[in-house]
There are 2 protein chains.
Amino acid sequence: MRLSQFFLPTLKENPAEAQIASHRLMLRAGMIRQQSAGIYTWLPLGLRVLRKVEAIVREEQNRAGVVELLMPTIQSADLWRESGRYDDYGKEMLRITDRHERELLYGPTNEEMLTDIVRTFVKSYKQLPLNLYHIQWKFRDEVRPRFGVMRGREFLMKDAYSFDLDEASARVSYNKQFLAYLRTYARLGLKAIPMKADTGPIGGDLSHEFIILAETGESQVFCDKDWLDLDVLDKAPKSAEELQSFVDWATGFYAATEEKHDPNAVPIPADRLHSARGIEVGHIFYFGEKYSKPMNATITLADGSTTPMHMGSYGVGVSRLLGAIIEASHDEAGIIWPEAVAPYHVGIITMKAGDAASDAKAQEIYAALTAKGIDVLYDDRDERAGVKFADLDLIGLPWQIIIGPRGLEKGVVEVKNRRTGQRDELSVTDALARVGA
Amino acid sequence: MRLSQFFLPTLKENPAEAQIASHRLMLRAGMIRQQSAGIYTWLPLGLRVLRKVEAIVREEQNRAGVVELLMPTIQSADLWRESGRYDDYGKEMLRITDRHERELLYGPTNEEMLTDIVRTFVKSYKQLPLNLYHIQWKFRDEVRPRFGVMRGREFLMKDAYSFDLDEASARVSYNKQFLAYLRTYARLGLKAIPMKADTGPIGGDLSHEFIILAETGESQVFCDKDWLDLDVLDKAPKSAEELQSFVDWATGFYAATEEKHDPNAVPIPADRLHSARGIEVGHIFYFGEKYSKPMNATITLADGSTTPMHMGSYGVGVSRLLGAIIEASHDEAGIIWPEAVAPYHVGIITMKAGDAASDAKAQEIYAALTAKGIDVLYDDRDERAGVKFADLDLIGLPWQIIIGPRGLEKGVVEVKNRRTGQRDELSVTDALARVGA
């Protein structure tokens, strides 16, 4: 993409309303724009990252055998009356009345709706287990939306739901999601720590939160340093038989939120105990018959008797993950994207606007990278080099290729790694190889 | 995908509420389920087609140089007061009040919101032209939602907006979209006819509707048979210079809605005049300063003076297109998907459940097709062959591979083309080649 044909409204000043790094940087990098409190437009650069994060979440759900569908944003109030949550949910639920005075709401989650779908179509134990997910916009009318996409009102969530015959089978569904979540975070470049959690208003008796560490985290957490040092993708089970032992192993590491941490009862040596601020990036629940019973979502067993299905739900805030990634990966100059979710892999800058040799070399490199299927952003604007450098650091692409007349005389361009800051003067061939072409 | 691991709740009976073929077939094929009047869940099969249609729409917008962003579903009422449309829009607008008594609405379209974004960031003529689009859920509170996704309340729309310096430049943006629309329909397997249209409540003085022909169309239309016989992709311009002459050529064919058609003033020979029912599948508008003037979206020219931007908007109902495609392409047995949007390219059926040789051959073919990157649905359910045949015809995959013990003895499988109905007994190698592997 040529920047002159893109829409990248970066800001030079820090926006006053942004209290945390990710909010500030997403506004400054031209990724988002607030439309109303807690409601954002995803500008083109932000949308590119959102789609990459969403794609990784989707791939890991599909790998776990979860099937995608898409439920609407607007729901009927009646379903929520059936489960008993319509009144419980309080003011966070955005309630709507249509032209025929029917009571609707903007879905904050989908336990009721999917239970209704499944009870309609699934009658026999032979149709279970059934694991379904969708990635859809949700709305929660937070009393005080803040921190940008970290606590917005309209947000993109992946929510999955499992329907099983009994608790043993439900635990397998739960374990598959547990693994899918760890794989997802690892691919996003995040070190996520599973922590046993209270189930809260969702109900049920088995639940884990996934927490990443970042200075601006919302709560203090404690964990085993050993967990932080290992690569969970290396340890992922190779077969269904290994799944339970993997989950046992992963949940065997010490990890606790502040409320649950008892300094006098830590089961690991003091030098392995790590304490830091944490951000919640996902939450999974097994809650048995909590919804299937009141909503009469039953199945017929082989002997002709009926029983409520056993359910779980598995949520991850896809839009929130962008904020979490930035909180965990930025510096003074801007964002530092993990390669897997960077909006572009390489940025190209010419130092001297109007220098024909530089422009020609930039075009040549742009074409070579594009031909290899590498996402490139070529800053072809008529701007000072200083402005271009600042913008490229701000938007945080993994690699920069910088082209100037002096380098070209020597037959080299400069390649900069955004994360390490390392700069090298390389021939074009070596520069292309360095950035992976 | 193995059907036993998918979620495909097909219906044997025709649903009473469905008046037209696409609505009936989408319900029966397990593509959609109604949640409330005009509000649907996209079940896994339906979602696959929706995403394929969406991808083609997106590719053609990107090809036209239009840049994607994503605006939220919920908008502030204030913006609509600025443009003067808040009161005009009437009961079709779903109006919402949040917990702080702020007036919001579920966006039925985005002229106001994007004008607000662009006036914030775009100040200089150097930043124009600017062409942006998004693909987002919209809500229109139809008084009587019907015809399934053809006239739903919550629907997926691609809406693009152009911002230009003057009318001449705006016409280039308009022409690019005109071409993008024709390319999109052609790739979707639809014969779309551009018809000069009234601009209605959007305003402005240049507008085209795109109409496809189908028996169940909502209105009578007239067109030149020659247009229906040609392949518009063949005629697409190869360069920017050819764009205007292409548009002139394409709009030179006679085409008129019933209201505009005067039987006494038809400029083509009677034997070239074709009359049929039509369905609107897209609408594009140039409306100049209609929104930029009241909303003060101005730019500074080289001489320091300011002028309102010239705008256009370009809408296509992505979810509605699925209904239109089915209306144009089905038979008594079910849907007949154009290859470009089929949920799977091939379906595999074994005639005799539990026959080990058939199962092994099905697995072999499934693996071979999957390895080639071809989307396959393998019906591995423990069902009678008749049920499987009916379901496969109903869901309309382009190709069926049917495996039975008698064929295997002869070393052949049967390959059926869903559109032509042609069946051939072929060796596995030839069968794979026939379906494109």
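Per an unreviewed UniProt entry, chain A goes by the name Proline--tRNA ligase and belongs to Elstera cyanobacteriorum. The Subcellular location (unreviewed entry) comment attached to chain A in UniProt states, word for word, "Cytoplasm". Taken verbatim from the UniProt record of chain A, the Sequence similarities (unreviewed entry) comment is "Belongs to the class-II aminoacyl-tRNA synthetase family. ProS type 2 subfamily."

Moving on: the overall build of chain A. Scanning chain A for helices and strands turns up 14 helices and 23 strands. On C-alpha atoms alone, chain A measures out to a radius of gyration of 25 Å, which is about the 22 Å that the 2.2 N^0.38 rule sets for 437 residues. Projected onto the principal axes, the alpha-carbon positions of chain A cover approximately 85 × 60 × 40 Å. Split into buried and exposed, the 437 residues of chain A put 59% on the buried side. By sequence separation, contacts in chain A at least 24 residues apart represent 71% of the contacts at least 6 residues apart. Carbon and sulfur atoms provide 48% of the accessible area of chain A, an area that totals close to 17400 Å². Side chains of chain A carry 54 positive and 63 negative charges; the gap between the two charge centres is 3 Å.

The peptide bond linking leucine 128 of chain A to proline 129 of chain A adopts the cis configuration, its omega dihedral lying at 0°. One can find proline 129 of chain A in the loop between α5 (111-121) and β7 (130-139). Residues other than glycine seldom take positive phi values, yet glutamate 101 of chain B does so here, at roughly 65°. Within the secondary structure layout, glutamate 101 of chain B lies in the loop between β5 (94-97) and β6 (103-106).

The subject of this paragraph is the domain arrangement of chain A. All names here are of chain A. Structurally, chain A comprises domain 1 (3-335) and domain 2 (344-434). Computed over C-alpha atoms, the centres of domain 1 and domain 2 are 38 Å apart. Taken together, the contacts link 17 residues of domain 1 with 14 residues of domain 2. In total, domain 1 and domain 2 occlude about 1400 Å² of area from one another, counting both sides; carbon and sulfur atoms represent 53% of this. Taken as a group, Leu3, Arg48 and Ile335 account for 37% of the area that domain 1 buries against domain 2, more than any other trio of residues on that side. In this structure, the connection of domain 1 to domain 2 is made through 3 salt bridges. At the surface where domain 1 touches domain 2, the tally comes to 11 residue pairs in polar contact (both at pLDDT 80 or more). Elements represented by at least two residues in the side of domain 1 that touches domain 2 include exactly α1 (21-28), α2 (44-63) and β18 (334-335). Broken down by element, the residue count for the side of domain 1 that touches domain 2 peaks at 3 residues, all from α2.

Glancing now at the pattern of salt bridges. This model, assessed by the stated rule, comprises 68 salt bridges over all chains. Two residues, glutamate 54 of chain B and arginine 51 of chain B, come together in a salt bridge whose shortest N-O distance is 2.7 Å. Of this pair, glutamate 54 of chain B and arginine 51 of chain B both sit in helix α2 (residues 44-63), separated by 3 residues, roughly a single helical turn. Each of Glu59, Glu60, Arg63, Arg183 and Arg187 of chain A takes part in salt bridges that share partners, so that together they form one network.

Residues and elements named next belong to chain B. Here 3 strands make up an open sheet; going across it, the order is β4-β6-β5 and the pairing antiparallel. At either end of the open sheet lies a strand with only one pairing partner, and these are β4 (74-76) and β5. Neighbour-to-neighbour, the strand axes of this sheet turn through a mean angle of 40°, independent of strand direction.

Counting buried residues along helix α10 (residues 318-328) of chain B, 10 of its 11 residues qualify, which places the element largely inside the surrounding structure. Buried within α10 of chain B we find Val318, Ser319, Arg320, Leu321, Leu322, Gly323, Ala324, Ile325, Ile326 and Glu327 of chain B.

All names here are of chain B. Of note, leucine 206 is situated in strand β10 (residues 206-213). Leucine 206 sits in the buried class, given a relative accessible area of 10%. Taking the C-alpha atoms as reference points, leucine 206 and tyrosine 291, 85 residues apart in sequence, are found 15 Å from one another.

Residue and element names in this part refer to chain B. Tracing the sequence through the fold places arginine 418 in the loop between β22 (413-417) and β23 (423-426). On the basis of relative accessibility, which here comes to 3%, the residue arginine 418 falls in the buried class. Within the structure, arginine 418 has its side chain in polar contact with the backbone oxygen of glycine 334 (distance 3.3 Å). Within polar-contact distance, the side chain of arginine 418 engages the backbone oxygen of aspartate 393 at 2.9 Å. In this view, arginine 418 contacts Asp331, Ala333, Gly334, Ile335, Ile336, Asp393, Gly396, Leu397, Pro398 and Gln400; residues no more than four positions away in its chain are not counted.

The interface of chain A with chain B comprises 54 residues on the first partner and 54 residues on the second. Summed over both partners, the interface of chain A with chain B buries about 4600 Å², with 63% contributed by carbon and sulfur atoms. Area buried by chain A at its contact with chain B is led by Phe7, Leu70 and Arg99 of chain A, which between them contribute 16% of it. Summed over the shared surface of chain A and chain B, the result is 4 salt bridges. Residues aspartate 98 of chain A and arginine 153 of chain B are paired through a salt bridge, measuring 2.9 Å at the closest nitrogen-oxygen approach. If you look at where chain A meets chain B, you find 18 residue pairs in polar contact (both at pLDDT 80 or more). Looking at the side of chain A that touches chain B, its residues break down into 30 nonpolar, 10 polar and 14 charged.

This part takes up the relation of the copies chain A and chain B. If you rotate chain A by 180° and push it 0.0 Å along the axis, it lands on chain B with an RMSD of 0.0 Å. The relationship between the two copies is best expressed as a two-fold rotation axis. Relative to the rotation axis, the closest C-alpha in chain A is found at isoleucine 96 of chain A, a distance of 2.9 Å. Interface overlap between copies is the fraction of interface residues in one copy that are interface residues in the other; for chain A against chain B it reaches 100%, indicating a shared surface.

What counts and how
Residues numbered from 1 in each chain as written. Chains lettered and ligands numbered in written order. Predicted model: local features only at pLDDT ≥ 70, side-chain atom pairs only at ≥ 80, totals over all residues. Heavy atoms only, no water. UniProt positions renumbered as here; feature names shortened; annotations may be inferred. Helix = DSSP H or I, 4+ residues; strand = E, 2+ residues; numbered from the N terminus. Rg over C-alpha atoms; globule rule 2.2 N^0.38 Å. Buried < 20%, exposed > 50% of the residue type's maximum accessible area, 1.4 Å probe, protein only. Contact = heavy atoms within 4.5 Å. Areas by Shrake-Rupley, 256 points an atom, 1.4 Å probe, with all protein chains shown as cover. Lys, Arg positive; Asp, Glu negative; His and termini not counted. Charge placed at Lys NZ, Arg CZ, Asp CG, Glu CD. Domains from an automatic or database assignment. Buried area = accessible area lost by both parts, 1.4 Å probe. Salt bridge = Lys/Arg side-chain N within 4 Å of Asp/Glu carboxyl O. Polar contact = N/O pair within 3.5 Å; in protein donor to acceptor, adjacent residues only side chain to side chain. Pairing = 2+ DSSP bridges. Axes fitted to C-alpha atoms, helices over the stretch in contact; angles between N-to-C directions. Nonpolar A, V, L, I, M, F, W, Y, C, P; charged D, E, K, R; others polar. Least-squares fit on C-alpha atoms with pLDDT ≥ 70 in both.

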